[in-house]
Amino acid sequence: MTQDMLTAPTPSRSSSRRHSPLQDAQMQLESAIHTLGYNSGLHAILSRPRREMTVSIPLRRDDESIEVLTGYRVQHNFSRGPAKGGLRYSPGVDIDEVRALAMWMTWKCALLDVPYGGAKGGITIDPRLYSRGELERVTRRYTSEILPIIGPERDIPAPDIGTDEQTMAWMMDTFSVSAGFTVPGVVTGKPHSVGGSLGRASATSRGVVQIALAAVEHLGLGRVGVSRLTAAVQGFGKVGAGAAAMLADAGVTVVAVSDQYGAVHRASGLDIPALLTHMSETGSVVGFSGGDELEGTALLELDVDVLIPAAVECVINSGNADRVRARVVVEGANGPTTAAADRILADKGVVVVPDILANAGGVVVSYFEWVQGNQAYWWTEKEVNERLSTRMIAAWEQVAQSAAEHKVSLREAATCSAVKRVAQAHLTRGLYP
Ligand code: GLU
């Protein structure tokens with residue numbers, strides 16, 4: 001064994017993380033169990049994943065060297081149906097992050113009443129540092145390693161941070177080649193040419209904006225088209241860029257957006273189509289001539305009606321929550337607000353629309369894609385968008401009403417409602433043996 005092998009860094013970075021989203025997810029569950037009056041046995045069942053798989057992914061790089069990556073698939077719950085959730089490629093991925101994200105998927109699917117449990121996958125990799133060919137080999141090897149636990153009736157991956165339609169096409173192909181026939185239902189978020197749903201790519205952003213506008217109206221902050229409403233969006237990726245564009249289309253003044261490199265600000269409103277062009281030409285929002293540069297984290301502290309964190313977890317935390325001046329925070333990302341920040345925001349009167357409601361549009365249309373694939377009958381984009389809208393608004397109304405009735409936060413109301421649905425399914429099925 002060489003010295004290099006002895007000192008090779010371990011792939012999991014859990015010990016060096018600044019804040020574990022799993023702690024927040026566990027606290028949210030604990031609080032819901034307490035509110036609902038469930039016993040410690042049920043709590044123990046719901047606090048642990050049903051199944052987890054950690055795999056080594058040997059990769060032959062383009063220069064013929066070999067590197068071994070680590071991947072995970074965590075299936076948190078199956079009580080209401082097959083496990084469902086995205087696949088993330090990011091250097092910060094570790095088992096605890098995947099566990100938290102899998103648990104949130106269970107609540108998200110239950111809250112929106114789509115017949116799935118929750119799962120999440122991840123590979124500890126910075127996809128920007130790898131060629132397309134390398135990413136294809138990583139994806140195919142990862143898929144083949146987790147093959148025994150995925151499938152249209154078992155667990156259905158979808159895109160998340162760092163993965164896209166192409167990643168899903170490679171997964172679908174690898175699974176199908178192994179099965180000996182084409183299995184479109186093994187993943188969602190596929191390209192349209194291989195069974196993807198119309199409207200899936202924009203679904204998360206569409207849902208975020210629908211919920212944001214419903215929340216603004218509910219809180220009496222104003223009406224789109226009648227009063228001037230302002231928004232700031234953190235993250236200009238799949239969710240954030242779409243949300244910024246749809247907000248602007250709806251008549252909201254988007255004063256700032258950011259990406260991992262920096263932020264741009266314009267008090268009278270950014271020209272989002274021009275910014276999208278700048279982004280596709282340069283790969284970043286930085287340097288856009290139609291606005292002033294702003295420090296990325298300062299975006300979270302702007303005086304706006306709506307703040308949409310649409311990047312990663314834990315960005316609103318105990319270190320900056322007291323400086324948040326938005327009236328409403330709509331969580332486009334999963335877990336952007338820590339539990340400590342939640343309490344600070346509540347004390348300040350800032351309303352937080354939780355991730356499991358706000359960003360559920362993606363998994364709702366994933367469900368539509370799976371339904372269409374199973375029936376081999378395709379809906380128009382209009383049908384997809386209308387059905388999405390109906391479900392998002394129904395979930396919003398149910399959560400807002402329950403929060404008002406029980407005098408709790410939207411997150412507590414949403415989590416309680418979801419946990420109750422999962423618990424009821426579990427208790428009805430009974431414990432085997
Ligand atoms: N990754 C997305 C999420 O966090 C979508 C999951 C899915 O469609 O299965 O909700």
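Now for a description of the structure that goes with this document. (Residues numbered from 1 in each chain as written. Predicted model: local features only at pLDDT ≥ 70, side-chain atom pairs only at ≥ 80, totals over all residues. Heavy atoms only, no water.)

### Quick look at the pairing of strand S8 (residues 262-265)
Reasoning step 1: Bridging between strand S7 (residues 253-259) and S8 involves 4 bridges; their strand directions are antiparallel. Among the inter-strand pairings, Val-257 is bridged to a residue of S8, identified as Val-264.
Reasoning step 2: Between S7 and the antiparallel strand that follows it, S8, lie 2 residues.
Reasoning step 3: Relative to strand S9 (residues 292-294), S8 runs antiparallel, the two being bridged by 3 bridges. Residue Ala-263 lies in a different strand from S9, and its bridge partner there is Leu-294. (Pairing = 2+ DSSP bridges. Helix = DSSP H or I, 4+ residues; strand = E, 2+ residues; numbered from the N terminus.)

### Remarks on the layout of surface pockets
Reasoning step 1: Taken as a whole, the second largest pocket holds about 580 Å³ of empty space.
Reasoning step 2: The wall of the second largest pocket is formed by 27 residues, among which Asp-342, Ser-409, Leu-410, Arg-411 and Glu-412 lie closest to the centre.
Reasoning step 3: Mapped by element, the contributors of at least two residues to the lining of the second largest pocket are helix H2 (21-36), helix H10 (339-348), strand S12 (351-353), helix H13 (381-406) and helix H14 (410-429). (1 Å grid on protein atoms, 1.4 Å probe; cavity = no way out; pocket = protein on both sides within 12 Å on 5 of 7 lines; lining within 4 Å. Points joined across faces, edges and corners; volume = space filled by probe spheres on them.)

### Some words on the pattern of salt bridges
Reasoning step 1: By the definition in use, this model includes 25 salt bridges.
Reasoning step 2: Across the salt bridge formed by Arg-61 and Glu-67, the nearest N and O atoms sit 3.3 Å from each other.
Reasoning step 3: One salt bridge in this structure joins Asp-62 and Arg-137, with 2.9 Å as the shortest N-O distance. Highlighted residues: Asp-62 in the loop between strand S1 (51-60) and strand S2 (66-77) and Arg-137 in helix H5 (residues 132-146), separated in sequence by 75 residues.
Reasoning step 4: What emerges from the salt-bridge pattern is a single network uniting Arg-88, Glu-97, Lys-120, Asp-160 and Glu-313. (Salt bridge = Lys/Arg side-chain N within 4 Å of Asp/Glu carboxyl O.)

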